[in-house]
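Descriptive structure summary
Given next are the chains, with one letter for each unit.
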Amino acid sequence: MLSALNTSPTARLPALDVARLRQDFPILQRAVHGQPLVYLDNAATSQKPWSVIEAERHYYAHYNANIHRGVHQMSQEATEAYEAARDRVRDFIHASSREEIIFTRGTTESINLVASSYGQRMQAGDEILITEMEHHSNIVPWQLLCLRSGALLRVAPIDDAGQLNVARFAELLGPRTRLVALSHMSNALGSINPVKQLVELAHQVGAVVLLDGAQAVAHLPVNVMDIDCDFYAFSGHKLYGPTGIGVLYARRAILDSMPPYQGGGDMIREVRFAGSSWNDLPYKFEAGTPNIAGGIGLGAALDYIGGVGLAAIAAHESELLRYATALAADFSGLTPIGTAADKGAILSFTLAGIHPHDIGTILDSCGVAVRTGHHCAMPVMEHFGVPATVRASFALYNTRHEIDTLFQGLTKAREMFG
Amino acid sequence: MSTDLRDLYQETIVDHARRPRNFGPLPEASHQAEGFNPLCGDRLTLRLKVVGGLIEDARFEGVGCAISTASASLMTEALKGLNEQQAEALFLGFHSMLTGGIPVSGSVLGKLDVLTGVREFPSRIKCATLAWHALHAALHAEKQPVSTE
């Protein structure tokens, strides 16, 4: 099923049959302002195939029950489906065991779980190293942790192409660095970090590494064992799956050493007023009734991606990015923001004399959905000296024709304000 | 181009966005307030010179989209010569025009009427009202002296 992931990068991949794949996504049939929808806001959230929508519907219509507790038939069916999704996640990121896969509400909660639980060992003077390209969700939980613990937040800078300055990153690592948190792929710039190298550098000083994989997982095959990271966080909804479900991968030994995150049902073994004991992994970190339908939907999304092939998806998106980048280079007044050599399918830019919000509204009138704003990465905007950018982000179902429509919309914006 | 879009980006709005009036510092200001829209990063500073309850001058500075810039530009034009009560009434009138409260006749708003098209774009209403919230704040912080740094 995951044969595409095992294909060597040099092997020729068959081109995606995008016209056929588009049929799998019902929303792509709709119109916006009388125009066919051109959905280029995939870095915010991707659209869902029928199989994901159907998996959730089927659960609610046929075997809705709470998991891990009932002896009745439906509870067992629901438990099996939810736990099968965990196995699919384990396969997807190549973790060594299912106990290392914790379901959360999303990347943000995954990061907060680590900051809250692993963070309890932080002491005044300890250091946490992040990068300048992080999403707010990989900045603020660490700031809060620093406030609680007296730890210091250090920030490795990016260069003007939006690439991490690896030399400065290495210099900022020191004997007090306890934890390093960085994005695998930047949501505002598309930059892909050399995570394997960075993890190795961090491990040399004894720091643990958390990777924010929210953007990367939909575009690159991820192998947590090969990267050798300690934590890997991602969301289902940027991965063609439902909102409200996400994953924290962590090494088993680290999870064993961490106190629980939230208390409640399911995460305990025994509860007594004199003291309670915790459940086995991964349930120790999963208090309360989880997003069962979401988990099952995420499993369906991973099956879908496995069926299409992540390597083929990545090749298709790279081709779209090349095409869009070439059009952008010829578009007068356009300044790309984020020109890293290693980049995922994100084109972030500004147009001279036109605010991104006005561009967003004009594109919307053409049926083109993009993100405009600071992309929850205000420090990145500050680095480039812009209040906001326009961001077009691509997914497996996008086409060159849609990118042409994007640029037609930009021409219109330029005509209105030029 | 769709009719709605033309309603939003009327000639006057594009003109004021590209060449905002009353843009710049106002060293003799008696009132000042910041407007910030965290959603889009638009940020402006509004300064008023109020003498004997009368707004003698109004100027603004900052960065924003066409809608927020044009709205601020048109607002500063409209404010000059009004007393504080009239300015507050204009704020309420403008606000209800955009949020669908009490209907306001065009004559009250005058030139500001060109911003009615924003109503059809709910995601942009905050852009249009940014300067106006700054006005409201500036008028209500009247007892606070403006720092002369």
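Cut-offs applied
- Residues numbered from 1 in each chain as written.
- Chains lettered and ligands numbered in written order.
- Predicted model: local features only at pLDDT ≥ 70, side-chain atom pairs only at ≥ 80, totals over all residues.
- Heavy atoms only, no water.
- Contact = heavy atoms within 4.5 Å.
- Buried area = accessible area lost by both parts, 1.4 Å probe.
- Salt bridge = Lys/Arg side-chain N within 4 Å of Asp/Glu carboxyl O.
- Polar contact = N/O pair within 3.5 Å; in protein donor to acceptor, adjacent residues only side chain to side chain.
- Helix = DSSP H or I, 4+ residues; strand = E, 2+ residues; numbered from the N terminus.
- Nonpolar A, V, L, I, M, F, W, Y, C, P; charged D, E, K, R; others polar.
- Patch = residues over 30% accessible without salt bridge, like charges linked within 9 Å, V, L, I, M, F, W, Y side chains within 5 Å.
- Areas by Shrake-Rupley, 256 points an atom, 1.4 Å probe, with all protein chains shown as cover.
- Domains from an automatic or database assignment.
- Core = buried A, V, L, I, M, F, W, Y, C linked by side-chain atoms within 4.5 Å.
- Buried < 20%, exposed > 50% of the residue type's maximum accessible area, 1.4 Å probe, protein only.
- Expected span 1.5 Å × (residues − 1).
- Phe/Tyr/Trp six-rings, centres within 6.5 Å; stacked < 30°, edge-to-face > 60°.
- Pairing = 2+ DSSP bridges.
- Axes fitted to C-alpha atoms, helices over the stretch in contact; angles between N-to-C directions.

Where interface size is quoted, it is often the accessible area lost as the parts come together. On the side of chain A, 14 residues touch chain B, which itself brings 19 residues to the contact. With both sides pooled, the region where chain B packs onto chain A buries about 1400 Å², and carbon together with sulfur makes up 66% of that total. For the chain B face of the interface with chain A, the top three residues by lost area are B:Leu5, B:Tyr9 and B:Cys40, together amounting to 30%. Between the two partners, chain B and chain A, sit one salt bridge. In this structure, B:Arg124 and A:Asp358 form a salt bridge, with 2.9 Å as the shortest nitrogen-oxygen distance. Where chain B meets chain A, there are six residue pairs in polar contact (both at pLDDT 80 or more). For the side of chain B that touches chain A, the secondary structure elements donating two or more residues are helix 1 (3-8), helix 2 (11-18) and helix 3 (66-79) of chain B. Of the residues belonging to the side of chain B that touches chain A, the class tally is 13 nonpolar, three polar and three charged.

A grouping of A:Val140, A:Leu144 and A:Leu147 is seen on the molecular surface, where their side chains present a nonpolar patch of about 290 Å² in accessible area. In this structure, A:Leu144 sits in helix 6 (residues 140-149).

This paragraph deals with the domain arrangement of chain A. All names here are of chain A. We note that the domain assignment places domain 1 (3-49 + 309-417) and domain 2 (53-306) within chain A. Computed from C-alpha coordinates alone, the two centres of domain 1 and domain 2 are separated by 27 Å. With 43 residues of domain 1 in contact, the opposing surface of domain 2 contributes 37 residues. Interface of domain 1 and domain 2: buried area, both sides summed, is about 3200 Å²; carbon and sulfur atoms make up 57% of it. Counting the surface domain 1 buries against domain 2, the share from its top three residues, Pro49, Leu310 and His383, is 18%. For the interface between domain 1 and domain 2, the tally reads zero salt bridges. Run the count over domain 1 and domain 2 and you get 28 residue pairs in polar contact (both at pLDDT 80 or more). Only helix 12 (310-329), strand 14 (346-351) and helix 14 (378-384) provide two or more residues apiece to the side of domain 1 that touches domain 2. Considering every element that reaches the side of domain 1 that touches domain 2, the biggest residue donor is helix 14, with six residues. Considering only residue class, the side of domain 1 that touches domain 2 consists of 26 nonpolar, eleven polar and six charged.

Core analysis: the biggest nonpolar cluster contains 82 residues, and A:Ile93, A:Val180, A:Tyr232, A:Leu239 and A:Leu396 have the highest contact counts within it. In terms of residue count, helix 11 (residues 292-308) of chain A provides more of this core than any other element does, ten residues in total. Both domain 1 (3-49 + 309-417) and domain 2 (53-306) of chain A contribute no fewer than three residues apiece to this core. The residues contacting A:Tyr232, other than those within four sequence positions of it, are A:His184, A:Leu211, A:Gly213, A:Ala216, A:Val217, A:Val222, A:Val224, A:Val247, A:Leu248 and A:Tyr249. Ranked by size, the runner-up nonpolar core spans 75 residues in total, among them A:Ile354, A:Ala413, B:Met97 and B:Leu109.

Spanning 18 residues, helix 15 (residues 400-417) of chain A covers 26 Å between terminal C-alpha atoms, matching the ideal 26 Å at 1.5 Å per step. Within helix 15 of chain A the residues assigned to the buried category are A:Glu402, A:Ile403, A:Thr405, A:Leu406, A:Phe407, A:Gly409, A:Leu410, A:Lys412, A:Ala413, A:Met416 and A:Phe417.

As a further point, take the side chain of A:Glu109. With respect to the secondary-structure elements, A:Glu109 resides in helix 5 (residues 107-117). Setting aside anything within four residues of it in sequence, one finds A:Glu109 in contact with A:Thr104, A:Tyr261 and A:Gln262.

On to the pattern of salt bridges. All names here are of chain A. Scanning all chains against the criterion turns up 32 salt bridges over all chains. The salt bridge partner of Arg105 is Glu109, with a shortest N-O separation of 3.8 Å. Judged by its relative accessible area of 61%, Arg105 falls in the exposed class.

With that settled, the discussion passes to the packing of aromatic side chains. All names here are of chain A. Scanning the entire structure with this criterion turns up 13 aromatic pairs over all chains. Where Phe25 meets Tyr304, the ring centres are 5.5 Å apart and the plane angle is 90°; that geometry is what we call edge-to-face. Of this pair, Phe25 sits in the loop between helix 2 (18-22) and strand 1 (31-32) while Tyr304 sits in helix 11, and the two are 279 residues apart along the sequence. An identical accessibility class is assigned to Phe25 and Tyr304; each is buried. Taken together, a centroid distance of 6.0 Å and an interplanar angle of 80° make the contact between Tyr240 and Tyr397 edge-to-face. Of this pair, Tyr240 sits in the loop between strand 9 (231-235) and strand 10 (246-250) while Tyr397 sits in the loop between strand 17 (389-393) and helix 15, placing them 157 residues apart in sequence.

Here the focus is the pairing of strand 1 (residues 31-37) of chain B. Along any regular strand, the residues point their side chains to alternate faces of the sheet. All names here are of chain B. The alternating pattern of strand 1 places His31, Ala33, Gly35 and Asn37 on a buried face, while none of Gln32, Glu34 and Phe36, on the opposite face, is buried. Here strand 1 pairs with strand 2 (residues 42-51) via seven bridges, running antiparallel. Each bridged residue has a counterpart across the sheet, and for His31 the counterpart in strand 2 is Leu48. Counting the residues that bridge the hairpin from strand 1 to strand 2 gives four residues, and of these Gly41 lies at a positive phi of roughly 85°.

Before going further, it helps to spend a moment on the sheet that holds strand 4 (residues 101-104) of chain A. Residues and elements named next belong to chain A. Within the open sheet, the seven strands sit side by side as 4-10-9-8-7-5-6. Their pairing is mixed. Of all strands in the sheet, those with a lone pairing partner are strand 4 and strand 6 (152-156), marking the two edges. Along the sheet, successive strands turn relative to each other by an average axial angle of 20°, direction set aside. Bridging between strand 4 and strand 10 involves four bridges; their strand directions are antiparallel. Residue pairing in the sheet places Ile101 in a bridge with Tyr249 of strand 10. Relative to the sheet, helix 8 (residues 195-204) contacts strand 7 (177-183) and strand 8 (208-212), its axis offset from that of strand 8 by approximately 155°.

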